[in-house]
Amino acid sequence: MKIIFFGTSNVALPILEALSKKHEIVAVVTSPDAKVGRKQELKESPVSVLATEMKLKLLKPVKVKGEAGFVEELSALGADMFVVVSYGKILPLQVINLPKYKTVNVHFSPLPKYRGPSPIQAALQNGDEYTGSSVFILDEKVDNGPLLSTEIIKIDSDDNYLTLSQKLAYKAAGSINQVLEDYVTGKTTPLPQDEASATYTKIISKTDGQIDWNKSAYEIYNQFRAFFPWPGVWTRWNGKVLKIIDLEPALKSQAEPGSAKNCGLVLDGGKIACGQDTFLWLKMVQLEGKKETLIQDFLNGYSEFVGSELK
RNA sequence: CGCGGGAUAGAGCAAUUGGCAGCUCGUCAGGCUCAUAACCUGAAGGUUCCCGGUUCGAGUCCGGGUCCCGCAA
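The shown structure was predicted, so the numbers you read here are calculated from the model rather than taken from an experiment. Chains are numbered independently. Their residues run from 1 in the order of the written sequence. Here the convention is simple: chains get letters from A, ligands get numbers from 1, in the order in which they are written. Per-residue local features are limited, in this predicted model, to residues with pLDDT of at least 70; the limit for side-chain atom pairs, both in listing and counting, is 80 or more; totals at the level of whole chains, interfaces and linings are taken over all residues. Heavy atoms from the whole structure form the basis of all side-chain values; hydrogens and water molecules are not counted.

Engineer: Please clarify how the overall build of chain A should be interpreted in this entry.
Structural biologist: Helix and strand assignments come from DSSP, with helices taken as H or I runs of at least 4 residues and strands as E runs of at least 2, each series counted from the N terminus. Looking only at helices and strands, chain A features eight helices and 15 strands. By its C-alpha atoms, chain A is 65 × 45 × 30 Å across when sized along the principal axes. Residue exposure (1.4 Å probe, protein chains only): buried if accessible area is under 20% of the type maximum, exposed if over 50%, otherwise partly exposed. In chain A, buried positions account for 50% of the 311 residues. Should any heavy atoms of two residues lie within 4.5 Å, those residues are considered in contact. For chain A, the share of sequence-separated contacts (at least 6 apart) that also reach a separation of at least 24 residues comes to 62%. Within the structure as shown, chain A displays about 15600 Å² of accessible surface, and the carbon and sulfur contribution to it stands at 52%. We get accessible surface area from the Shrake-Rupley algorithm with a probe of 1.4 Å; when it comes to residues, only the shown protein chains can shield them.

Engineer: Would you mind showing me how to read the environment of P192 here?
Structural biologist: With respect to the helices, strands and loops of the structure, P192 is situated in the loop between α6 (161-184) and α7 (217-226). Among the residues examined, P192 registers a relative accessible area of 63% and is labelled exposed. For the pair P192 and E41, spaced 151 residues apart in sequence, the C-alpha separation works out to 44 Å.

Engineer: Can you walk me through the protein's contact with RNA strand B in this structure?
Structural biologist: Distances are taken per atom, and a residue is near a molecule or strand as soon as one of its heavy atoms is within 4 Å of it. By nearness alone, 18 residues border RNA strand B, and R38, K206, G289, D297 and G301 come closest of all. Those atoms of RNA strand B that come within 4 Å of the protein belong to sugar or phosphate at a rate of 62%. At a separation of 2.7 Å, a phosphate oxygen of RNA strand B approaches a polar side-chain atom of K206. Listing elements by their share of the surface near RNA strand B, those giving two or more residues are β3 (34-36) and α8 (295-301). Split by residue class, the surface near RNA strand B holds three nonpolar, seven polar and eight charged. Side-chain atoms alone can form a polar contact between residues adjacent in sequence; in general such a contact is a pair of N or O atoms within 3.5 Å, and within protein one must be able to donate a hydrogen while the other accepts it. When residue character is reported, Ala, Val, Leu, Ile, Met, Phe, Trp, Tyr, Cys and Pro are called nonpolar, Asp, Glu, Lys and Arg charged, and the others, Gly included, polar.

Engineer: What is the right way to look at the sheet that holds strand β5 (residues 58-59) in this model?
Structural biologist: Hydrogen bonding along the main chain pairs the strands of a sheet, whether they run parallel or antiparallel. The sheet built from seven strands is open, its strands ordered β5-β2-β1-β6-β7-β8-β9 with mixed pairing. On the outer flanks of this sheet lie β5 and β9 (147-154), each paired with one strand and no other. At least two bridges found by DSSP between two strands are what make those strands a pair. Note that strand β8 (residues 130-137) and β9 share seven bridges and pair antiparallel. Pairing of S133 across the sheet is with E151, part of β9.

Engineer: Explain the packing of aromatic side chains to me, please; I cannot follow it from the model alone.
Structural biologist: Aromatic ring pairs are described here by two measures, namely the spacing of the ring centres and the angle between the planes. Working definition: rings of Phe, Tyr and Trp (its six-membered ring) pair if their centres are within 6.5 Å, and the pair is stacked with planes under 30 degrees apart, edge-to-face with planes over 60 apart, and tilted otherwise. A complete count under the given rule lists ten aromatic pairs for this structure. Geometrically, the ring pair formed by F224 and F228 is tilted, given 6.2 Å between the ring centres and 55 degrees between the ring planes. A residue is classified by how much of its surface remains accessible, and F224, at 9% relative accessible area, is buried. Assessed through its relative accessible area of 29%, F228 is described here as partly exposed. A ring pair is formed by F298 and Y302, whose centres lie 4.7 Å apart and whose planes are at 35 degrees; its orientation type is tilted.

Engineer: What is the right way to read the side chain of H107 from this model?
Structural biologist: Inspection of the secondary structure assignment puts H107 in strand β7 (residues 103-107). At a separation of 2.8 Å, a polar atom in the side chain of H107 contacts the main-chain carbonyl oxygen of Y114. Leave out the neighbours within four places in its chain, and H107 touches Y114, R115, G116, P119, G132, S133, S134, F136 and D143.

Engineer: What's the story with the layout of surface pockets in this structure? I'm lost.
Structural biologist: The rolling of a water-molecule-sized probe over the atoms marks out the regions of remaining empty space. Roughly 1700 Å³ of volume is contained in the largest pocket. In terms of lining, the largest pocket is formed by 47 residues, of which the most central are S9, S86, Y87, G88 and P117. The set of elements that each furnish at least two residues to the lining of the largest pocket consists of β3, β7, α5 (119-125) and α6. Per-class residue counts for the lining of the largest pocket are 23 nonpolar, 15 polar and nine charged. Here a cavity is any set of points on a 1 Å grid over the protein atoms alone where a 1.4 Å probe fits but cannot get out, and a pocket is any open set with protein on both sides within 12 Å along at least 5 of 7 lines; a residue lines the site when it has an atom within 4 Å of a point. Grid points are joined across faces, edges and corners, and a volume is the space filled by probe spheres set on the points. Estimates place the volume of the second largest pocket at around 230 Å³. For the second largest pocket, the lining is made up of 14 residues, of which P229, P231, G232, K243 and I245 are closest to its centre. It is strand β11 (residues 240-249) that contributes the most residues to the lining of the second largest pocket, three residues altogether. Classifying every residue of the lining of the second largest pocket gives nine nonpolar, two polar and three charged.

Engineer: Help me understand the pattern of salt bridges in this model?
Structural biologist: It is possible for side chains bearing opposite charge to pair when their charged atoms get close. Each reported salt bridge corresponds to a side-chain nitrogen of Lys or Arg within 4 Å of a carboxyl oxygen of Asp or Glu. Counted under the stated rule, the structure contains nine salt bridges. The salt bridge involving K167 is made with D159; its shortest N-O contact spans 2.9 Å. Since its relative accessible area comes to 31%, K167 is described here as partly exposed. Look at D159 and you get buried, because its relative accessible area is 2%. Put simply, E248 and K283 hold a salt bridge, and the shortest N to O gap is 3.7 Å. Of this pair, E248 sits in strand β11 while K283 sits in strand β14 (residues 278-287), and the two are 35 residues apart along the sequence. Three or more residues are tied together by salt bridges with common partners; here these are D33, E44 and K60.

Here's what the structure looks like:
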């Protein structure tokens, strides 16, 4: 089958590789190179790097809709199916319906749960034990089309965005060819999603990383897992931003009933009082303008840290 | 030239108007202890990022350079 692959981030990579083993990838569409970092250097997307390595035809439209001649170019490639994984842009119907077998999307949640741009983060942040990946046929609404397959995987208690997205990506890559084959041969019937149980996620922004110390240590830990490595979690100390690079909820036996009235209070050893009489240990932090620092070193340098309050 | 913070002992940080470069931890030696990441005593460890300037005297003031980081994007 001739396939055009749409993808941008790391999670798309294993699936592109898997597809290329069974099918002819006539083109890869990815987001344009973006300026990144303090020096504003242009950086190509992970999918762009892989596609270049694989010597695949690469397209980087700024806009899918408005770009002159883009739809015609796609059409001319004569693909049988489009496959979309974490592309980052919404495709118009005009594009979706071009190929014979339409456009298939891999979404990293058990749809209709967690539709939208941050399903992996949402599962972690909510402390879910299970999540999954879904393959469905795109329609005009976001993550709304009929399902071809859903796979469930367990979330480990120490999984973060990085590890979980890897697991999901490889799991999906392992079955994608079978799912597509069953689809084109008519072995599976696309199943409409249950609209009533749909939930939605939103785009993650930097401000989502700010810690609310009134939440329990476990909620904060889940926030930390969900936003690792980006945007990370942070708080304020002495009016400065303090990034929390690593943290760990304290065991119940380390709790000190009654002392958690001041949420955000720093106790000995870098233990922080959180909501619901819980505590967490800071393990590595970074003050704005400074480097990442082990909490022991940080405490050695800033003797006034213990007893102060994080906001 | 987008905005801003920083570079001082192995690590993390101080150092007042320019005046012998300190603190906590670590390291080493000794002591105490059944024992310990505990406690006591002592020691080693510095080209204060680099180059130049001002000064009797510069970590500190001035000029230039290198590197690191936060924000924004």
